[in-house]
Amino acid sequence: MPNFNVVLFEPQIPQNTGNIARTCALTGSRLHLIKPYGFTITERNLRRAGLDYWKDVDIFEHNSFEDFMSGEKPARIIAFTSKASDWHTSVEYFNGEYLLFGNETTGLPPSIHLMPLVVRVRIPMAASPNARCLNLSNSVGIGVYEALRQTQFAGMV
């Protein structure tokens, strides 16, 4: 069973998605992509950013968030958002959970924030009037590695 499920809600930038695929390959995480994307899955920049790791990633494409929910039936979703008050280190992560990340331009819609099974967390950042959030691929790396740390890096060497 994979360590975690990384879920990207309507990703917009192919290089970010490629970098995230590489992170998933090297952590044993499954990658879920929720459409629509801001690129095509065959785009050169996406493939280049993921290097030769694509064959090592379990990728699942979902036509919508509703399609993802009905197909996966997650018991809990940990949503990473700048709109949360709790830090990403304040929740307990369990093997196989779903770590949800919004897209680079609009994040997650309010309807997802309000779902009872969604636990919202944020990655701490210095206060700055010009900075909205970290890069998506960096945020995924921080989130996945905190979850792995809490589960004693299960399956890692």
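About the criteria used
- Residues numbered from 1 in each chain as written.
- Predicted model: local features only at pLDDT ≥ 70, side-chain atom pairs only at ≥ 80, totals over all residues.
- Heavy atoms only, no water.
- Core = buried A, V, L, I, M, F, W, Y, C linked by side-chain atoms within 4.5 Å.
- Buried < 20%, exposed > 50% of the residue type's maximum accessible area, 1.4 Å probe, protein only.
- Helix = DSSP H or I, 4+ residues; strand = E, 2+ residues; numbered from the N terminus.
- Contact = heavy atoms within 4.5 Å.
- Pairing = 2+ DSSP bridges.
- Salt bridge = Lys/Arg side-chain N within 4 Å of Asp/Glu carboxyl O.
- Axes fitted to C-alpha atoms, helices over the stretch in contact; angles between N-to-C directions.
- Phe/Tyr/Trp six-rings, centres within 6.5 Å; stacked < 30°, edge-to-face > 60°.
- Parallel < 35°, antiparallel > 145°, perpendicular 65-115°, else oblique.
- Left-handed = near helix turned anticlockwise from the far one by under 90°.
- Nonpolar A, V, L, I, M, F, W, Y, C, P; charged D, E, K, R; others polar.

A. Spatial organisation of the nonpolar core. Counting residues in hydrophobic clusters, the biggest one holds 28 residues, and the most contacted among them are Val-6, Leu-8, Leu-31, Tyr-93 and Leu-99. The element that contributes the greatest number of residues to this core is helix 5 (residues 136–150), accounting for five residues. Discounting residues that sit within four places of it in the chain, Tyr-93 has contacts with Phe-4, Arg-76, Ile-78, Phe-80, His-88, Leu-99, Val-121, Glu-146, Ala-147, Gln-150 and Thr-151. Judged by nonpolar contacts, the second largest core, of 13 residues, contains Phe-65, Phe-68, Ala-79 and Leu-108.

B. Focus on the pairing of strand 4 (residues 77–80). Going residue by residue along strand 4, you find Ile-77 and Ala-79 tucked away on one face and Ile-78 and Phe-80 tucked away on the opposite face as well. Summarising the sheet, strand 4 and strand 6 (residues 118–121) pair through four bridges and their orientation is parallel. For Ile-77, the partnering residue across the bridge sits in strand 6 and is Val-118.

C. The pattern of salt bridges, seen in detail. Scanning the entire structure with this criterion turns up four salt bridges. Residue Arg-76 pairs with Glu-97 through a salt bridge whose shortest N-O separation is 2.6 Å. Pair noted here: Arg-76 is in the loop between helix 3 (65–72) and strand 4 and Glu-97 is in the loop between strand 4 and strand 5 (98–101), with a separation of 21 residues, a long-range link. When its relative accessible area of 21% is taken as the criterion, Arg-76 is described as partly exposed.

D. Spatial organisation of the sheet that holds strand 1 (residues 5–9). Strand order in the open sheet formed by six strands is 3-2-1-5-4-6, with parallel pairing between adjacent strands. The strands lining the two open edges of the sheet, one partner per strand, are strand 3 (59–62) and strand 6. Ignoring which end each strand starts from, the neighbouring axes of this sheet average 25° apart. Together, strand 1 and strand 2 (30–34) form the strand contacts of helix 1 (residues 14–27), whose direction differs from that of strand 2 by roughly 155°.

E. Representation of the packing of aromatic side chains in the model. Evaluated as defined, the whole model comprises five aromatic pairs. Each ring, one from Phe-9 and one from Phe-65, has its centre 6.3 Å from the other, and the planes form 70°; the classification is edge-to-face. One end of the pair, Phe-9, is in strand 1; the other, Phe-65, is in helix 3, and 56 residues separate them in sequence. You'll find Phe-9 and Phe-65 in the same group, each marked buried. With a centroid separation of 4.6 Å and an interplanar angle of 15°, the aromatic rings of Phe-80 and Phe-101 are classed as stacked. With Phe-80 in strand 4 and Phe-101 in strand 5, the pair connects residues that are 21 residues apart, well separated along the chain. Residue Phe-80 is classed as buried on the basis of its relative accessible area of 9%. With a relative accessible area of 2%, Phe-101 lands in the buried category. Three or more aromatic residues link up through ring pairs in this structure, and these residues are Phe-9, Phe-65, Phe-68 and Tyr-98.

F. Spatial organisation of the packing of helix 1 against helix 5. With their axes 8 Å apart at the nearest point, helix 1 and helix 5 run at an angle of 15° to one another. Here helix 1 is positioned roughly parallel relative to helix 5, judged by the angle of their axes. Remark: the crossing between helix 1 and helix 5 carries right-handed chirality. Each of Asn-16, Asn-19, Ile-20, Thr-23 and Thr-27 in helix 1 lies in contact with helix 5, whose residues at this interface are Leu-136, Ser-137, Val-140, Gly-141, Val-144, Tyr-145 and Leu-148. Broken down by class, the residue content of the contact of helix 1 with helix 5 amounts to six nonpolar, six polar and no charged.

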